[in-house]
Amino acid sequence: MIPVTTFKDKRVALFGLGGSGLATAKALVVGGADVTAWDDNPDSVAKAGAEEIATADLRTIDWSAQAAFVLSPGVPLTHPKPHWSVDLAHAAGVEIIGDVELFVRERRAHAPDCPFIAITGTNGKSTTTALIAHILKSSGRDVQLGGNIGTAILTLDPPKAERYFVVECSSYQIDLAPTLNPTAGILLNLTPDHLDRHGTMQHYADIKERLVAGSDTAVVGVDDSYCALIADRVERAGVSVKRISKRNVVAEGFYAEGSRIIESHGGTTSLLADLDGIQTLRGSHNAQNAAAAIAACLAVGMSRDDIRAGLKSFPGLKHRMQPIGQLMNRAGGQVVFVNDSKATNADAAAPALSSYDRIYWIAGGLPKEGGIVSLAPLFSRIVKTYLIGEAAPAFAATLGEVVPYEISGSLERAVIHAAADAGIDPAPSAVMLSPACASFDQFKNFEVRGDSFVGHVAALDGVTMLVETKKGS
């Protein structure tokens, strides 16, 4: 835990007592703050009380006595309308912050020089975050990984010299972190997302810009117009900018030529790394992720050789284009099994489908609006589709006579049939779970769905697993 000492002996109101909110309340209390916490869910309030966190309806407290209001990132700050607690804080002139802001204040107070990499973007941020942490860890660094990737930031070990923090930041977290100042800040890309919480695309982009604007080194993907303009603005403001691109040459930064990552500096270019053969970094989107990771790792002092070694050994992000097993087909070619369970809509499935040339595709679940129509340009890569869940009839209608398919029904049956078909195919191929659907018709969440896929693959004869699992789990 990171005790929040910067509010020692001060009163702090807190709203939102889910996982990260409860962790934040504890960190404040341990640091000596006088915390009053609340939540709209009575069960969450009761749980906090059981943890000896003082609770009270924030409508009843003296707001003029509060040094700060700490808000959970899941609670609306501006759109579609501010939460009632936000209105009370505004009326009293109390600053509104979140757990990431508490972290950056603790870092400034106790270890301002400890390396801190923050990552944001509409797509790819979790993979990039995990990749950076892996590269650093594989070179022997003390690494703390957290934030939006799943570990509450204040549950990490406290900042100190030579301890590296790698933190994924959502737009909600950035909006509550007004003094965010990473050593290296990454903005990968921007496409319309979360507009129900930010109102307009421009407001969403403005929030994301804050992360790189406060960075010592800003790493910005420039393949969309919003980010390209952001890179120009923060550079004019005096920030050191490294541009990255998965399709265009950049003058100062890193860009991809196929699987090759090229470093461009001072008018010269050189090959920094080649991702060819790294199963976990296939596809142009992962070339962008790798370029961003390289730029950030160089910014915190890593050597190019250590970075190359870390790229080669990256195990991948669980449930996201994760190679989990392999077997040999009848002609001696490799069949790789890919867990892309996190692909809960068509747009999310597209990167995996575009990264392999010959695919036995397991798809379906609880369908999203639009189905898989947008994936039609990738259908030529699919040898056969194995449909599961509620979406099966609608997906079958879209595939029509273009792609052979079967209604497998269950994930277990789909795995068995896809593996059998790939096994008699003389060409190398991938058996891929990339559902393009939510999981809730058959599974609790995409993680459970992905773990189930791994278990069914592990139960196949002749498969060599690339991840740890219990046979038949």
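Draft legend 1. Fine view of the overall build of the chain. Along its length, the chain carries 15 helices and 22 strands. Taken over C-alpha atoms, the radius of gyration comes to 24 Å for the chain, in line with the 23 Å a tight globule of 473 residues would show. If one aligns the C-alpha atoms of the chain with their principal axes, the spans along those axes are about 75 × 55 × 40 Å. Burial status across the chain gives 55% buried among its 473 residues. By sequence separation, contacts in the chain at least 24 residues apart represent 64% of the contacts at least 6 residues apart. Put simply, the chain shows about 18,900 Å² of open surface, and 51% of that area lies on carbon and sulfur atoms. Each charge class in the chain can be summarised by its mean position, and for the 42 positive and 51 negative side chains these summaries are 3 Å apart.

Draft legend 2. Inspection of the layout of surface pockets at higher detail. The space that makes up the second largest pocket amounts to roughly 240 Å³. Ser259, Leu275, Leu281, Arg282 and Gly283 are, among the 16 residues lining the second largest pocket, the residues nearest its centre. Only strand S11 (253-257) and helix H10 (284-299) provide two or more residues apiece to the lining of the second largest pocket.

Draft legend 3. Structural detail: helix H13 (residues 392-399). All of the buried residues in H13 are Ala392, Phe395, Ala396 and Leu399. The buried residues of H13 occupy one face: seen down the axis, they fall within an arc of 105°. Away from its buried face, by an angle of more than 90 degrees, H13 presents the exposed residues Pro393 and Ala397. Those residues of H13 hidden inside the fold are in contact with strand S16 (359-364), strand S18 (382-388), strand S19 (405-409) and strand S21 (437-438). One or two steps after H13, the chain reaches Gly400, where phi turns positive at roughly 50°.

Draft legend 4. Highlighting empty space enclosed by the protein. For the coordinates displayed, the defined rule picks out 2 cavities of 30 Å³ or more. There is about 50 Å³ of room inside the largest cavity. Contributing to the lining of the largest cavity are Leu14, Phe15, Gly16, Ser20, Gly21, Thr24, Val70, Leu71, Ser72, Pro73, Gly98 and Asp99. Where the lining of the largest cavity is concerned, the elements lending two or more residues are strand S1 (11-15), helix H1 (19-30) and strand S3 (68-71). Sorting elements by how many residues they give to the lining of the largest cavity places H1 first, with 3 residues. For the lining of the largest cavity, the class distribution of residues is 5 nonpolar, 6 polar and 1 charged.

Draft legend 5. Structural detail: the nonpolar core. Formed by 55 residues in total, the largest nonpolar core has its most connected members in Phe7 and Leu28. Beyond its immediate stretch of four places on either side in the chain, Phe7 contacts Val12, Leu28, Gly32, Ala33, Ala67, Ala68, Glu95, Ile97, Leu102 and Arg105.

Draft legend 6. Spotlight on the pairing of strand S12 (residues 260-265). As paired elements, S11 and S12 share 5 bridges and run antiparallel to each other. Counted as the bridge partner of Phe254 is Glu263 from S12. Once S11 ends, the chain turns through 2 residues before running back antiparallel as S12, passing Gly258 with a positive phi of about 65°. Strand direction decides the pairing type here: S12 and strand S13 (residues 268-274), joined by 6 bridges, are antiparallel. The partner of Glu263 across the bridge, within S13, is Ser270. Where S12 hands over to S13, the hairpin turn is made up of 2 residues, of which Gly266 adopts a positive phi near 60°.

Draft legend 7. View of helix H2 (residues 42-50). Among the residues making up H2, those that are buried are Ser44, Val45 and Ala48. Take H2 and look down its axis: the buried residues cluster within an arc of 100°, on one side only. Those residues of H2 that are exposed and angled more than 90 degrees off the buried face are Pro42, Asp43, Ala46, Lys47 and Ala50. Where the residues of H2 are buried, they touch H1 and strand S2 (34-38). N-cap assignment for H2: the residue whose side-chain oxygen lies 2.9 Å from the backbone N of Asp43 is Asn41.

Cut-offs applied
- Residues numbered from 1 in each chain as written.
- Predicted model: local features only at pLDDT ≥ 70, side-chain atom pairs only at ≥ 80, totals over all residues.
- Heavy atoms only, no water.
- Helix = DSSP H or I, 4+ residues; strand = E, 2+ residues; numbered from the N terminus.
- Rg over C-alpha atoms; globule rule 2.2 N^0.38 Å.
- Buried < 20%, exposed > 50% of the residue type's maximum accessible area, 1.4 Å probe, protein only.
- Contact = heavy atoms within 4.5 Å.
- Areas by Shrake-Rupley, 256 points an atom, 1.4 Å probe, with all protein chains shown as cover.
- Lys, Arg positive; Asp, Glu negative; His and termini not counted.
- Charge placed at Lys NZ, Arg CZ, Asp CG, Glu CD.
- 1 Å grid on protein atoms, 1.4 Å probe; cavity = no way out; pocket = protein on both sides within 12 Å on 5 of 7 lines; lining within 4 Å.
- Points joined across faces, edges and corners; volume = space filled by probe spheres on them.
- Arc of directions from axis to C-beta.
- Nonpolar A, V, L, I, M, F, W, Y, C, P; charged D, E, K, R; others polar.
- Core = buried A, V, L, I, M, F, W, Y, C linked by side-chain atoms within 4.5 Å.
- Pairing = 2+ DSSP bridges.
- Polar contact = N/O pair within 3.5 Å; in protein donor to acceptor, adjacent residues only side chain to side chain.

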